[in-house]
Structure formats: structure tokens, C-alpha cells
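Commentary on secondary and tertiary structure
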Amino acid sequence: MINFRALQLANEQQSAYGLRYDDFARYRKHCANRTHRLRSSLKMTHGTKGKEFKKLPSLTEMDLEKVKEGHLQLLLFESERAWAYAQELTSLSLLPTNSAHSASLLHHATGRFRRAINWATQLLSLTQRLYTSHKFTAESLLECTAYLLLLNGRFLLSAPREDFESALPQLCVTRLILDILALHAGDSRDQALAVLWSDQVGPMVRWCAHQMGREKAYDVDSIVKEVSEQNVRDLVDNWDEVAGKFKKDAEHHGLGSNAKKLGKLDESRLMWEGEPVPVRNPELVDVLLKVQSAEMKMASSSGKDGKAPTKGGQGGKKAVAAYDSVLAALSDAEEVARKLSESESQKASSSTIPGSLPSSGGGQIRDMHFVHTYIVYQLLSKRIQRDLLLVDALVGEADAAGAAGITGKTISSTSTSSADPRLYPAIVKLLDSILQSLSQLRTLSIVDDNPDLSAAVDARIGFSKAKRCVNLAKCYIVIPGDKKYAEALTLLQHATIHLREARRVLETLEFYPLLEKDLEVLEESINKEGLEYKRTWLEKGGAGVGEQQGGKGQKQKKPVFFNIALNYVDVDVELMERLRERAGMTPNAASTAQTSIGSTQNRIAQATLGASKAPAIAAPKAFAPAVGPRAKAAVMEEGMSRSGTPEPRELDGNKAAGATSRLGSLLGGWWGKN
């Protein structure tokens with residue numbers, strides 16, 4: 001049994017050697033080289049140079065026992081070579097520079113087109129003989145028949161003939177055969193192959209019907225059904241017997257062959273808004289099969305129906321590796337879909353031959369653009385799921401090591417400081433990747449055309465930005481060195497704004513679940529952390545870690561408002577003394593003696609200064625003697641008010657220095673600070 005697929009071989013060669021961009025010259029040269037190699041391998045050359053010319057034997061009259069697949073390929077490539085040359089000459093005749101001899105070019109193109117049909121007719125005759133001898137399948141015979149009918153239809157439509165009435169039956173029967181091949185295909189690749197060729201026939205049928213003035217020329221299916229029923233038995237020998245055998249073989253292989261079932265795409269996975277995604281190219285089928293295979297492996301590794309865990313880090317390294325394999329397959333699929341979409345757009349804008357245009361109505365271009373956008377959507381969604389899984393894995397490892405989680409947990413300054421300094425920068429980097437993927441997702445046409453989906457993506461963007469601000473604020477607290485509470489609090493304020501934006505619309509999104517509870521938990525975490533940062537900042541007096549843990553001589557810096565408050569508030573010294581005693585800071589005998597001396601000196605200072613209301617001149621700290629709290633209490637009892645600081649008079653040098661020194665000791669060490 002000879003296995004020869006004419007349509008499959010022609011599509012593979014056309015896609016690989018120039019016809020994806022309508023480069024007929026390149027494809028013609030490739031077919032010439034291929035036929036030369038086939039003739040050399042089959043020993044069917046015309047003889048070597050300098051010897052007598054040897055005429056080739058007719059392949060249609062060969063002994064069937066000697067016929068190989070190479071003989072069929074030789075006839076096919078000869079036909080493709082002549083057809084490509086005809087298309088090249090036709091395109092050259094349409095150029096303005098060749099307007100003088102365009103008729104000669106068209107005449108030459110017509111001769112090459114007839115030569116292509118001659119080679120295709122020989123191919124069909126040989127395959128019919130093989131089918132009669134049970135050495136050829138009905139599917140392969142139908143493909144060869146459709147190939148010849150398509151060439152005939154293109155020839156009748158080409159200039160200067162434009163015989164629409166004769167071309168319409170040829171094209172309608174071709175479309176009927178291709179529809180049967182697609183309907184009873186054994187796997188998704190064969191189905192996409194038949195659909196691909198069928199898409200080339202549909203616009204030509206519509207064009208013929210329009211030129212003939214038929215009503216409802218846009219309804220291609222009804223025209224094909226009507227015309228093909230009248231002409232199929234005239235154009236195809238033994239149509240009923242061949243079609244019946246093909247359907248029977250397809251049913252038999254579909255029930256008993258596991259290999260065919262493995263090549264079937266799961267249509268339930270290729271759905272968008274309840275409609276199936278149109279896959280009309282065999283190259284796309286190959287890469288999408290790899291994607292589905294990787295998704296099945298991920299489902300088996302996770303133990304769920306096609307989805308790996310995205311919460312809690314349950315999948316571990318295996319789940320991340322499974323996502324990596326799916327992302328690699330989707331990246332390959334995106335590259336193939338992008339190239340196909342670009343080639344279809346370029347071909348539609350540059351082609352000048354109506355009969356060679358695969359989809360002059362633009363339907364195939366729109367389908368390819370939609371499929372490419374759909375694959376990009378799947379790629380970005382899987383990438384977001386992988387990044388969310390990595391975030392949960394990092395948080396899970398930190399929880400196991402004693403660090404606090406980022407979702408639904410309050411992170412105090414102590415727990416944040418004890419966390420690994422590399423944790424929160426790593427989480428911020430992953431959240432940056434998630435935001436980048438969500439931003440690209442938002443710009444896709446299929447997302448922008450759906451208001452609910454676009455609103456859901458916007459909500460995820462706001463929520464991710466809020467989480468990023470929270471974790472970035474922790475980076476300012478957890479990293480050793482100078483802790484920057486002001487920056488952390490500012491970031492928490494930005495997180496609150498982003499969280500408010502995320503609350504507007506909470507639509508469901510399968511790959512990124514988000515509930516009202518998640519927003520409430522994050523908001524509670526932001527409020528608690530902000531309050532904790534403020535308290536710690538107040539306790540530390542705004543000092544950084546470097547100031548607190550510096551040399552022995554370094555002291556904690558008090559906030560400015562502590563110094564300012566003593567200018568307006570009278571301190572209850574007795575209460576402060578009792579607090580010192582309760583804290584275990586009771587003054588000793590030496591300090592008591594020093595207190596009595598200080599009381600006498602303060603009385604002298606009161607008599608000297610009087611009750612002036614002018615502002616006081618600050619005394620340097622170096623001349624301020626130590627005065628105990630009891631001395632301060634005595635002075636306060638005698639009427640010395642803090643709110644009315646007396647102005648020093650013109651005194652002698654020693655008296656003035658002593659007075660200002662006593663006054664500075666009374667007011668405290670902050671009085672002489674700059």
C-alpha cells in the first residue's frame with residue numbers, strides 16, 4: 001500500500017519555500033531542484049551531457065509493481081513547478097514596467113498552466129490505477145482528485161479567460177471533497193489541512209457566483225451544495241464507491257486506532273466565550289498538541305483536573321517545572337501563530353492575483369489574528385499563574401523558617417526585621433513580572449472588546465500594585481542599615497489608593513482569583529503595619545539603625561517636638577520624680593546634696609533676674625551644672641514660671657555667667673542646643 005498525501009505534501013512545500021509570502025520564483029526553483037533529485041534517484045534522467053537524448057517513459061503506463069512513492073512525488077512537483085511559473089509570469093504581466101509585452105507574458109503563463117494541468121492529470125490517472133489494484137487508499141485518491149479540480153478552476157478563472165460558468169462546477173466539487181475530508185478526518189492535523197485548502201476555494205466560489213449574478217452569492221455553502229450535487233458524478237469517476245469506501249475506512253480507523261485519538265485536539269480546552277477557537281493550519285495543530293500534552297502532564301502532577309495549585313505553594317518545584325513546560329510550548333505556539341498572522345496580512349496586501357489569494361474576503365486573516373491573540377492570552381495567563389505560585393512558595397518557605405506571610409498576616413517590626421533580607425525584594429520582582437503580564441493582557445484586542453474582562457484585569461492590576469507597595473515598604477524595614485520609616489509609610493499610602501481602585505469591579509478571572517475577602521485582608525494588613533511603623537518610628541525618635549547601633553558615645557535622637565513642647569507646657573516635677581522612683585531610678589545621696597546646692601543657686605538666680613518677661617539668652621551646655629529634680633521642684637514652688645522666661649539684665653561678667661548657667665540648668669540640656 002503506497003502512502004501518498006498530495007495535499008499535505010504540497011502544503012508543506014509551499015509553506016516552507018516561499019509561497020507563504022507569494023514568492024513564486026523561489027518556490028519554482030525549489031520544485032526544479034526537487035524534481036532533478038527525484039529523477040536522479042529514480043534513474044529517470046534524459047541522459048548525461050554529450051550523449052544521445054533519451055526520451056522518458058510514460059509514468060501512466062508503468063508496471064504497477066514498479067511504481068514507488070517517488071514517482072508520484074515527481075508528477076506532483078512537476079505540476080507545482082509549472083503552476084508556480086505560470087503564477088510568476090502572471091504577476092510580472094501586471095507590473096507597469098511590463099505593460100508593453102504583458103500579452104506575451106500572459107500567453108506564456110497560459111502554456112505553463114496547461115502543462116501543470118497535464119502533469120496533475122497524469123498523477124490522477126496513475127493513482128486511479130493504483131486504487132483499482134488496491135495499492136492506494138480512497139483518502140489519497142480523493143486528495144489527488146481535489147488537487148486536479150482546484151488547478152482546473154484556477155486556470156479557468158485566470159486572465160484572459162475568466163470562464164466563471166465552467167469554473168464554478170470545478171470549484172464546488174473541490175469544496176465538497178475537502179469538506180468530506182475535513183468531516184471524517186482521523187486527527188486534528190488532517191482536519192486542519194482540509195480546512196486550509198477549503199478556505200482557498202471558498203472566496204473563488206463566491207467570486208464566481210457574484211460575477212454570474214447569482215442571488216445570495218455570499219452563501220457559499222448553499223451554492224456548493226446545489227452545484228456539486230449536479231456535477232460531482234460527471235467530474236469524479238466512481239464517486240459513490242470512492243466516497244463510501246473513504247467514509248467506511250475513516251469510521252473503522254476512528255473506532256480502533258489509538259494513534260489517531262492521540263492526535264485529536266481537545267476542543268473543550270479551545271473555547272472563547274462559548275465558541276470554539278478556529279484552528280485552520282496544520283502547523284498550529286502540531287504546536288497546540290504539544291501545549292495540551294504539557295497541560296495534561298501538569299494536571300497529572302498536581303492531581304487535579306488540568307490545573308496546578310496556585311495557593312499555598314502545594315505544588316512545589318514539580319508544579320513550577322510543569323508550568324515551565326507549558327510556557328515553553330505556548331511560546332512556540334505564539335511564535336508560529338505570529339508568523340502565520342504576519343504572512344497572511346502581507347500576502348493580502350501584496351498579492352495581485354485573485355485566484356491565488358487564499359482568503360480575499362479577509363476571513364482567514366481575522367481568524368489567524370484571533371488565534372494569535374488567544375494564544376498570547378493563554379501564555380500571559382499561565383505566566384501569571386506561575387509567578388503567583390512562586391510568590392506563594394517563597395512565602396511558604398519564609399513561614400516555615402519563622403517569617404510572617406504576606407497575605408492575611410500582620411507583620412510587626414520584630415518579625416519583619418528577623419526575616420531574610422532577600423525575601424521581600426524577590427517578591428517585589430515577581431510582582432513586577434505579574435504587573436507586566438497584566439498590562440500586556442489588558443492591551444489585547446479580545447480583552448479590550450469585552451468590558452467585563454477588561455474591568456476584571458484592571459482590578460487585578462490595582463490589587464497587584466497594592467501588594468507590590470506593601471512588600472516594597474517591607475524592604476525599607478527589613479534590610480539591615482538605616483530603616484526608612486517615612487518611605488515605608490508613603491508606600492503604604494499608595495497601596496491604600498491602589499486597593500481602593502481594585503474595589504470598583506470584582507469580576508471573576510479564572511487564572512487570578514480575587515475575592516472581597518482578599519481585599520479586606522490586605523487592607524487590614526496595611527492598616528496594622530502602618531500603625532506599627534508609626535509607633536516604632538516614634539519610639540526610636542526617627543533614628544535609623546546606624547544611629548542606634550553605632551559607637552558607645554552615640555545617643556538616641558529625640559524628635560524636635562519634644563524640645564518645642566517644653567516651651568509651652570509646665571512639667572509636673574513631682575510626678576516625674578515618682579515615675580523615676582517606680583522605674584528604679586531613685587537619686588542617691590550625692591545627687592540629694594547637689595539638689596540642695598542647686599536650690600540655693602536658683603533662689604539667687606530668681607532674685608537677680610527678677611520678673612522680666614523678655615526672652616532669655618540660651619546658655620551653652622558646657623557651663624550648665626547638674627541640677628536635680630528636687631531643685632526644680634523648689635523653684636517651681638517659688639513661682640518660677642516656664643511660660644514667662646525672664647530676660648537677663650546687664651550684669652558683671654561672673655554674675656551674668658552664673659545666672660545664665662543656672663537658668664540653662666533649670667531649663668534642661670536642650671536649651672543650649674542649636
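Small disclaimer: the values here were computed from a predicted structure and weren't measured.

A count of helical and extended segments in the protein chain gives 25 helices and two strands. In the protein chain, 75% of the contacts between residues at least 6 apart in sequence involve partners at least 24 apart. When the accessible surface of the protein chain is split by element, carbon and sulfur atoms take 52% of a total near 35400 Å².

A word on unusual backbone geometry. Phi at Glu-162 is positive, roughly 55°, even though this residue is not glycine. In this structure, Glu-162 sits in the loop between helix H5 (138-157) and helix H6 (164-183). You can call Glu-162 partly exposed: its relative accessible area is 40%. For Lys-216, which is not glycine, the phi torsion reads 55° and is therefore positive. Looking at the element boundaries, Lys-216 is found in the loop between helix H7 (188-211) and helix H8 (220-235).

In a pair of packed helices, the angle between the axes and the distance between the axes together describe the arrangement. The geometry of H5 relative to H6 is characterised by a closest axis approach of 8 Å and an angle of 155° between their N-to-C directions. When the interaxial angle is binned, H5 and H6 end up roughly antiparallel. By crossing handedness, the relation of H5 to H6 is classed as left-handed. Residues Glu-139, Leu-142, Glu-143, Thr-145, Ala-146, Leu-149, Leu-150, Asn-152, Gly-153, Leu-156 and Leu-157 of H5 lie in contact with H6, whose contacting residues are Phe-164, Ser-166, Ala-167, Gln-170, Leu-171, Val-173, Thr-174, Ile-177, Leu-178 and Leu-181. Classifying every residue of the contact of H5 with H6 gives 13 nonpolar, six polar and two charged.

With that settled, consider H8. The first and last C-alpha atoms of H8 sit only 20 Å apart over 16 residues, clearly below the 22 Å expected at 1.5 Å per residue. At Ser-228, H8 shows its largest kink, close to 45°. Looking only at H8, the buried set comprises Val-220, Ile-223, Val-224, Val-227, Ser-228, Asn-231 and Val-232.

Glancing now at a nonpolar patch on the surface. Side chains of Val-571, Leu-575, Met-576 and Leu-579 sit close together on the surface and give an oily, nonpolar patch of about 310 Å² of accessible area. Taking relative accessible area as the criterion, Met-576 reaches 39% and is therefore assigned partly exposed.

On to the packing of aromatic side chains. Counted by the stated rule, this structure contains six aromatic pairs. Here Trp-272 and Tyr-374 contribute two aromatic rings whose centre-to-centre distance is 6.2 Å and whose plane-to-plane angle is 80°, an arrangement assigned as edge-to-face. Note that Trp-272 is positioned in strand E1 (residues 271-272) and Tyr-374 in helix H13 (residues 363-400), a separation of 102 residues in sequence. This pair shows no difference in class: Trp-272 is buried, exactly as Tyr-374 is. Ring geometry for Tyr-377 and Phe-511: centres 6.0 Å apart, planes at 85°, overall edge-to-face. Pair noted here: Tyr-377 is in helix H13 and Phe-511 is in the loop between helix H18 (485-502) and helix H19 (516-539), with a separation of 134 residues, a long-range link. Under the relative-accessibility criterion, Tyr-377 is labelled buried at 8%.

Below, the discussion takes up the pattern of salt bridges. By the definition in use, this model includes 31 salt bridges. Residue Arg-338 is joined to Glu-342 by a salt bridge in which the shortest nitrogen-to-oxygen separation is 4.0 Å. Pair noted here: Arg-338 and Glu-342 are both in helix H12 (residues 316-350), with a separation of four residues, about one helical turn. The class for Arg-338 is partly exposed, based on a relative accessible area of 31%. The shortest N-O distance in the salt bridge between Glu-523 and Arg-503 comes to 2.4 Å. Taken as a pair, Glu-523 in helix H19 and Arg-503 in the loop between H18 and H19 lie far apart in primary sequence, 20 residues in all.

Moving on, we get to the nonpolar core. Grouped together as the largest cluster of nonpolar side chains are 81 residues, with contacts concentrated most on Phe-4, Phe-136, Ile-177 and Val-205. Here this core takes 13 residues from H5, the largest share from any one element. Those residues in contact with Val-205 that sit more than four places away from it in its chain are Leu-168, Leu-171, Cys-172, Val-220, Ile-223 and Val-224. Counting residues in hydrophobic clusters, the runner-up holds 80 residues, among them Ile-427, Val-470, Val-478 and Tyr-485.

Here we come to the packing of helix H4 (residues 102-132) against H5. Axis separation between H4 and H5 bottoms out at 9 Å; the angle between their running directions is 160°. Here H5 runs roughly antiparallel to H4, going by the angle between their axes. For the pair H4 and H5, the crossing hand works out as left-handed. Side by side, H4 and H5 meet where Thr-110, Phe-113, Arg-114, Ala-116, Ile-117, Ala-120, Thr-121, Leu-123, Leu-124, Thr-127, Gln-128 and Tyr-131 of the first sit next to Ala-138, Leu-141, Cys-144, Thr-145, Tyr-147, Leu-148, Leu-151, Asn-152, Arg-154 and Phe-155 of the second. Its residues assigned to classes, the contact of H4 with H5 shows 14 nonpolar, six polar and two charged.

Relative to the helices and strands, Asn-450 resides in the loop between helix H16 (445-448) and helix H17 (451-478). Each C-alpha atom, one on Asn-450 and one on Glu-273, is 9.8 Å from the other, the two residues being 177 residues apart in sequence.

Attention shifts here to the side chain of Thr-127. Tracing the backbone through its elements, the reader meets Thr-127 in helix H4. Given a relative accessible area of 0%, Thr-127 falls into the buried group. A polar atom in the side chain of Thr-127 sits 2.7 Å from the backbone oxygen of Leu-124. Setting aside residues no more than four positions away along its own chain, Thr-127 makes contact with Leu-72, Phe-136, Leu-141 and Cys-144.

Next up on the list: the environment of Leu-491. Residue placement: Leu-491 occurs in helix H18. Between the C-alpha atoms of Leu-491 and Val-470, which are 21 residues apart in sequence, the distance is 6.8 Å. In this structure Leu-491 touches Cys-469, Leu-472, Ala-473 and Tyr-476, once residues within four positions along its chain are discounted.

The subject of this paragraph is the confidence of the model for the protein chain. Of the residues in the protein chain, 71% reach a pLDDT of 70 or more, and the chain-wide mean stands at 78. Mean pLDDT across the elements of the protein chain ranges from a minimum in helix H20 (residues 545-548), with 45, to a maximum in H5, with 95. Overall, residues 352-361 carries pLDDT values under 50, and its contacts beyond four positions in sequence, including any with other chains, amount to 26 contacts.

Cut-offs and rules
Residues numbered from 1 in each chain as written. Predicted model: local features only at pLDDT ≥ 70, side-chain atom pairs only at ≥ 80, totals over all residues. Heavy atoms only, no water. Helix = DSSP H or I, 4+ residues; strand = E, 2+ residues; numbered from the N terminus. Contact = heavy atoms within 4.5 Å. Areas by Shrake-Rupley, 256 points an atom, 1.4 Å probe, with all protein chains shown as cover. Buried < 20%, exposed > 50% of the residue type's maximum accessible area, 1.4 Å probe, protein only. Axes fitted to C-alpha atoms, helices over the stretch in contact; angles between N-to-C directions. Parallel < 35°, antiparallel > 145°, perpendicular 65-115°, else oblique. Left-handed = near helix turned anticlockwise from the far one by under 90°. Nonpolar A, V, L, I, M, F, W, Y, C, P; charged D, E, K, R; others polar. Expected span 1.5 Å × (residues − 1). Bend = angle between axes of the 7 residues up to and from the residue. Patch = residues over 30% accessible without salt bridge, like charges linked within 9 Å, V, L, I, M, F, W, Y side chains within 5 Å. Salt bridge = Lys/Arg side-chain N within 4 Å of Asp/Glu carboxyl O. Phe/Tyr/Trp six-rings, centres within 6.5 Å; stacked < 30°, edge-to-face > 60°. Core = buried A, V, L, I, M, F, W, Y, C linked by side-chain atoms within 4.5 Å. Polar contact = N/O pair within 3.5 Å; in protein donor to acceptor, adjacent residues only side chain to side chain. pLDDT = per-residue confidence, 0-100.

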